[in-house]
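Observations on chain architecture
Below are the chains, spelled out letter by letter.
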Amino acid sequence: MVVRKRLLLQMLQIQNRRYIGSKYKLREEIYRQACSFFDANTKFQFADLFAGTGSVAYYFAKKNHRVIVNDILYSNFVAYEAWFGNKKINLKKINTIIDNWNSINPNLLNDNYFSKIYSEKYYSLNNAKKIGFIREDLENIKNNLNSREYFILLTSLIYAADSIANTVGHFESFLKKKPLDKNLFLKKIQIDKIKFAKIFNMDANQLSKEIYADVIYIDPPYNARQYINFYHVLENLALWNKPTKFEGISMKFERNHLKSSYSTNRAKRTFSDLIQNLKCKLIIVSYNNTYCASSSASNNKISENDLKKILQKKGKIAVKEFKYNFFNAGKTNLKNHREKLYICRVENE
């Protein structure tokens, strides 16, 4: 039992990445609130429209609830396909490929697309060469893999690249210090059987018009900080479209189509549109008090009062409040940070 637990800790799990606003630590409370609406042992459908790492939806899925998991970032969608997918996979083949990649000596590699852009910024030259080589090799062997095997391998690379980046935990910019050579090590993924999952890579407001779920969980961005700016390097690595035009020293590619209205002055109108289009029995909304932040970019675009008014048009609401350790990789100072769950029992659905 001890050996098995140690082996599991060595394997890659869905929450094993640095992600702004991750609700992994709140997943049990979200689950408890959702279950309190139904009779004991009822299996309901749960949708997470801004799923981020996917760890909340994964918690529901492992308890045999049907789930819908969505995010606009393709790099997050890749991970969902790895963990929530239902295609049969050849683990021996996957693990052999990972072992071969881990054994590569970066000193023997040539410069490549990834290293030419990101080396000596987000990664050392050797780390960037190895990341770029592995990513290109994955494309070369793609025809020998099914789609889920491909996504599992890509997920392992994305998580490994994230873990050694020369950043404070996201890619808004890189640290001023020279990036060190680190051990780029791809972990093998812990795969659990997920029976009922639908996976999307869409704008949440558009998806809201096309789905039904008994419980819909909403955790949108609330401030001016765009998630694509936090994760543009990983998004480029996932998409592998190889853009050649970048902005400034941070090397952000053209990404207007991936920017969220929730981080603009249109946030209130966008949120209202989303809520009114939801077809469900219960809405759970995460909300935090970053409107008290010292940094203006961290201040909420939707006031708490406006959020309440919008939800009340859909049904009766209750508020649950928790102390929460906010993942802050920047200089924003948040004292007495609180996370709130707004529980809306939808009427006339």
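Just above sits the structure.
1. Regarding the packing of aromatic side chains
Counted under the stated rule, the structure contains 27 aromatic pairs. Centre to centre, the rings of Tyr-118 and Tyr-122 are 6.0 Å apart; their planes meet at 70 degrees, and the pair counts as edge-to-face. For the residue pair Tyr-118 and Tyr-122, the accessibility class agrees, reading buried in each case. Considering the side-chain rings of Tyr-287 and Tyr-342, the 6.2 Å spacing of their centres and the 85 degrees angle between planes classify their relative orientation as edge-to-face.

2. Observations regarding the sheet that holds strand E2 (residues 66–70)
Read across the open sheet, the seven strands follow the order E3-E2-E1-E4-E7-E9-E8; overall the sheet is mixed. Lying at the two open borders of the sheet, with one neighbouring strand each, are strand E3 (197–200) and strand E8 (315–323). This sheet shows a mean twist of 15 degrees between the axes of neighbouring strands, independent of strand direction. Where strand E1 (residues 45–48) and E2 come together, four bridges link them in parallel fashion. Within E2, the position partnered with Asp-48 by the bridge is Val-69. Along the sheet, helix H3 (residues 55–62) contacts E1, E2 and strand E4 (215–218); its crossing angle with E1, the most-contacted strand, is approximately 170 degrees. Packed on one face of the sheet, helix H13 (residues 304–312) meets strand E7 (282–288), E8 and strand E9 (338–346) and runs near 20 degrees to E9.

3. Regarding empty space enclosed by the protein
Unoccupied space between atoms shows up once a probe the size of one water molecule is rolled over them. For the coordinates displayed, the defined rule picks out one cavity of 30 Å³ or more. Size it by volume and the largest cavity reaches roughly 30 Å³. Looking at side-chain class alone, the lining of the largest cavity contains three nonpolar, two polar and two charged residues.

4. Points about the nonpolar core
Among soluble globular proteins, nonpolar side chains are generally buried collectively. Of all hydrophobic cores here, the largest spans 83 residues; its most connected members are Trp-83, Phe-84 and Tyr-123. Per element, the largest residue contribution to this core is ten residues, and it comes from helix H8 (residues 147–163). Aside from chain neighbours lying at most four places away, what touches Phe-84 is Ile-14, Gly-54, Ala-57, Tyr-58, Ala-61, Val-67, Val-69, Ile-194, Ala-197 and Ile-199. One finds Ile-68, Cys-280, Ile-302 and Leu-307 within the second-largest nonpolar core, a separate group that totals 28 residues.

5. Regarding the pairing of E2
Here E2 lies mainly inside the structure; four of its five residues are buried. Each parallel crossover has a hand, and for E1 linked through H3 to E2 it is right-handed. One ladder, built from four bridges, connects E2 with E3; its direction is parallel. Of the residues in E3, the one forming a bridge with Val-67 is Ala-197.

6. Digging into the pattern of salt bridges
Side chains bearing opposite charge may pair, as long as their charged atoms lie close to each other. All chains considered together, the criterion is met by 15 salt bridges. Linking Asp-306 and Lys-268 is a salt bridge whose minimum nitrogen-to-oxygen distance equals 3.6 Å. Placement of the pair is Asp-306 in helix H13 and Lys-268 in helix H12 (residues 267–277), with a sequence separation of 38 residues. Here Lys-268 falls in the partly exposed class, since its relative accessible area comes to 42%.

7. What to know about the environment of Gln-190
You can see Gln-190 is positioned in the loop between H8 and E3. Between the C-alpha atoms of Gln-190 and Gln-10, which are 180 residues apart in sequence, the distance is 9.2 Å. Among the polar contacts made by the side chain of Gln-190, one reaches the side chain of Asp-192 at a distance of 3.4 Å.

The rules we used
Residues numbered from 1 in each chain as written. Predicted model: local features only at pLDDT ≥ 70, side-chain atom pairs only at ≥ 80, totals over all residues. Heavy atoms only, no water. Phe/Tyr/Trp six-rings, centres within 6.5 Å; stacked < 30°, edge-to-face > 60°. Buried < 20%, exposed > 50% of the residue type's maximum accessible area, 1.4 Å probe, protein only. Pairing = 2+ DSSP bridges. Helix = DSSP H or I, 4+ residues; strand = E, 2+ residues; numbered from the N terminus. Axes fitted to C-alpha atoms, helices over the stretch in contact; angles between N-to-C directions. Contact = heavy atoms within 4.5 Å. 1 Å grid on protein atoms, 1.4 Å probe; cavity = no way out; pocket = protein on both sides within 12 Å on 5 of 7 lines; lining within 4 Å. Points joined across faces, edges and corners; volume = space filled by probe spheres on them. Nonpolar A, V, L, I, M, F, W, Y, C, P; charged D, E, K, R; others polar. Core = buried A, V, L, I, M, F, W, Y, C linked by side-chain atoms within 4.5 Å. Right-handed = clockwise from strand over helix to strand, strands pointing away. Salt bridge = Lys/Arg side-chain N within 4 Å of Asp/Glu carboxyl O. Polar contact = N/O pair within 3.5 Å; in protein donor to acceptor, adjacent residues only side chain to side chain.

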